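What follows is the residue order along each chain.
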Amino acid sequence: MTTDFYLTPMTPELMCTNIKESVAFYLDILGFNIQYERIDDGFAMLERQGSRLMLDEIIPNSDGTWTAGPLELPYGRGINLQIQTSQVKTLYDTVKGSPAKIFLELEEKWYRRDMTLLGNKQFIVLDPDGYMLRFFEYLGEKPA
């Protein structure tokens with residue numbers, strides 16, 4: 001048995017309202033793959049180009065949910081997950097042609113780090129529960 005899925009230093013686990021809808025979104029629109037799932041538990045471990053995340057369906061009246069308070073849509077308010085990808089324009093075009101909600105259109109953005117600018121081509125899409133997914137392709141560095 002391989003344990004490669006344990007080698008990612010950080011893997012966010014996102015609560016979702018409908019595991020089937022969420023898994024379909026991540027697979028069919030964003031190009032993730034299922035590493036493994038527990039269908040009876042409403043759980044899936046997903047991967048895309050080395051980035052991993054877990055989806056966990058909220059089961060009403062269950063004590064198995066780890067939440068610090070009541071959940072209200074959209075989930076993940078105040079957080080966006082930055083996910084590096086190759087060919088971000090191709091992914092953007094796929095997402096744009098789907099029913100998914102684009103939060104930030106494709107842009108080129110340069111961020112300052114001391115006397116250097118770090119470039120990203122990026123966009124943000126909302127998943128079915130409102131989590132912000134910021135896909136980016138690294139453009140390199142240039143002097144500030």
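Coordinates for the structure precede this section.
Quick caveat: nothing in here was measured; it's all calculated off a predicted structure.

Student: Can you break down the nonpolar core residue by residue, with the values?
Tutor: Judged by nonpolar contacts, the single largest core of 28 residues is most densely connected at Tyr26, Leu30 and Phe135. In terms of residue count, helix α1 (residues 19–29) provides more of this core than any other element does, five residues in total. In this structure, Phe135 is in contact with Leu30, Phe32, Arg48, Ile83, Thr85, Val88, Leu91, Lys121, Gln122, Phe123 and Val125, ignoring residues within four places of it in sequence.

Student: I'd love a proper account of the pairing of strand β3 (residues 43–48), names of residues and values included.
Tutor: Of all six residues that make up β3, six are buried, and the element is covered over most of its length. Looking at chain direction, strand β2 (residues 33–38) and β3 are connected through five bridges and run antiparallel. Its bridge partner being in β3, Tyr36 is matched across the sheet by Met45. Connecting β2 to the antiparallel partner β3 that follows it, the hairpin turn spans four residues, and Gly42 within it adopts a positive phi of roughly 65°. Of the pairings in the sheet, the one linking β3 to strand β4 (residues 51–57) comprises six bridges and is antiparallel in character. Within the sheet, the bridge partner assigned to Phe43 lies in β4 and is Asp56. Linking β3 to β4, which pair antiparallel, is a turn of two residues; within it Gln49 sits at a positive phi near 50°.

Student: Account for the pattern of salt bridges, naming residues and giving values.
Tutor: The final tally for this structure, using the stated rule, is four salt bridges. Here Lys89 and Asp93 are joined by a salt bridge, their closest N and O atoms 2.9 Å apart. A residue pair is termed a helical-turn pair when its members lie 3 or 4 positions apart in one helix, as Lys89 and Asp93 do in helix α2 (residues 88–96) at four residues. Owing to a relative accessible area of 43%, Lys89 belongs among the partly exposed residues under this scheme. Since its relative accessible area comes to 39%, Asp93 is described here as partly exposed. Among the salt bridges present, the one from Glu141 reaches Arg113, with a minimum N-O distance of 3.7 Å. Of this pair, Glu141 sits in strand β8 (residues 132–143) while Arg113 is found in strand β6 (residues 101–113), placing the two residues 28 residues apart along the sequence. On the accessibility criterion, Arg113 (42% relative accessible area) is partly exposed.

What counts, and where the lines are drawn
Residues numbered from 1 in each chain as written. Predicted model: local features only at pLDDT ≥ 70, side-chain atom pairs only at ≥ 80, totals over all residues. Heavy atoms only, no water. Core = buried A, V, L, I, M, F, W, Y, C linked by side-chain atoms within 4.5 Å. Buried < 20%, exposed > 50% of the residue type's maximum accessible area, 1.4 Å probe, protein only. Helix = DSSP H or I, 4+ residues; strand = E, 2+ residues; numbered from the N terminus. Contact = heavy atoms within 4.5 Å. Pairing = 2+ DSSP bridges. Salt bridge = Lys/Arg side-chain N within 4 Å of Asp/Glu carboxyl O.

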